[in-house]
Number of protein chains: 2
Amino acid sequence: MTSQLQIILGRKVREHRLRLGVSQERLAEDLGFHRTYLGSIERGERNLSLASVEQLAARLGVPPLDLLQD
Amino acid sequence: MTSQLQIILGRKVREHRLRLGVSQERLAEDLGFHRTYLGSIERGERNLSLASVEQLAARLGVPPLDLLQD
DNA sequence: TTGTGACTTCTAGTCCGTG
DNA sequence: ACACGGACTAGAAGTCACA
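Residues numbered from 1 in each chain as written. Chains lettered and ligands numbered in written order. Predicted model: local features only at pLDDT ≥ 70, side-chain atom pairs only at ≥ 80, totals over all residues. Heavy atoms only, no water.

Draft legend 1. Quick look at the protein's contact with DNA strand D. Not every one of the 19 residues close to DNA strand D is listed here, only the nearest: A:H34, A:N47, A:S52, B:Q24 and B:T36. A share of 65% is what sugar and phosphate atoms reach among the atoms of DNA strand D within 4 Å of the protein. Within the backbone of A:H34, an N or O atom sits 2.9 Å from a phosphate oxygen of DNA strand D. One of the side-chain N or O atoms of B:R17 is found 2.9 Å from a phosphate oxygen in DNA strand D. When residues of the surface near DNA strand D are traced back to their parent elements, those giving at least two are α3 (35-42) of chain A together with α1 (4-20), α2 (24-31) and α3 (35-42) of chain B. The dominant element in the surface near DNA strand D, judged by the number of residues it contributes, is α3(A), at three residues. Grouping the amino acids of the surface near DNA strand D by side-chain chemistry returns three nonpolar, eight polar and eight charged. (Near = heavy atom within 4 Å. Polar contact = N/O pair within 3.5 Å; in protein donor to acceptor, adjacent residues only side chain to side chain. Helix = DSSP H or I, 4+ residues; strand = E, 2+ residues; numbered from the N terminus. Nonpolar A, V, L, I, M, F, W, Y, C, P; charged D, E, K, R; others polar.)

What follows is the structure, encoded as structure tokens:
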């Protein structure tokens, strides 16, 4: 069951990363998780929990809701 | 690990239900899940996944993001 | 540099019963 | 009418080897 929110989240994270001009590998390391995990989030394959979204947003330094709306 | 988003979600769902003037039991049945599950969501005890939030919002007939912001 | 599949651990999600 | 505990199964969290 792949939701709309997780698609948006993925796109948002990718946009954020490209704006920074860094690789998945690099950003993942900075954020403190594995590169393939970040990759799968960007591809919208991961159905994150609210807590995980919040934590991810915090590490990215953006408000959680920014990751969930276009 | 209890996130801010799940607290907000709980409050929002409860407000929505009270606005309808129905019991947890009643609403849960209408939405198609168990009454104790709805109760724990309202209490902010549930760390829902994005797919679950979306599904819940759909059943309530509100936009998903409405459940995540004050 | 990123994608994919397999894999393990942990928790979300569902439901019972009781107060 | 609502809260809470336990128990159980599905799915999230996170890593790794290989392409």
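That covers the picture; the talk isn't over yet.
Draft legend 2. Here's a closer look at the packing of aromatic side chains. All names here are of chain B. Across all of its chains, the model carries two aromatic pairs over all chains by this definition. Look at F33 and Y37: their rings are 5.5 Å apart centre to centre, the planes differ by 85°, and that puts the pair in the edge-to-face class. We classify Y37 as partly exposed; its relative accessible area is 25%. (Phe/Tyr/Trp six-rings, centres within 6.5 Å; stacked < 30°, edge-to-face > 60°. Buried < 20%, exposed > 50% of the residue type's maximum accessible area, 1.4 Å probe, protein only.)

Draft legend 3. Up close: α2(B). Residue and element names in this part refer to chain B. For α2, the complete set of buried residues consists of L27, A28 and L31. Buried residues in α2, looked at end-on, bunch into an arc of 100°, giving them a common side. Summarising the geometry of α2, the exposed residues directed more than 90 degrees from the buried face are E25, E29 and D30. Contacts from the buried residues of α2 go to α1, α3 and α4 (50-60). G32 occupies a position one or two residues after α2 and carries a positive phi of about 90°. (Arc of directions from axis to C-beta. Contact = heavy atoms within 4.5 Å.)

Draft legend 4. Seen up close, the interface of chain B and chain A. Listed per partner, the contact involves 17 residues of chain B and 17 residues of chain A. For the chain B and chain A pair, buried surface summed over both sides reaches about 1,600 Å², with 73% attributable to carbon and sulfur atoms. At the junction of chain B with chain A, the criterion picks out zero salt bridges. Here chain B and chain A share twelve residue pairs in polar contact (both at pLDDT 80 or more) between them. (Buried area = accessible area lost by both parts, 1.4 Å probe. Salt bridge = Lys/Arg side-chain N within 4 Å of Asp/Glu carboxyl O.)

Remember that the coordinates give geometry; whether it matters functionally is a separate question.
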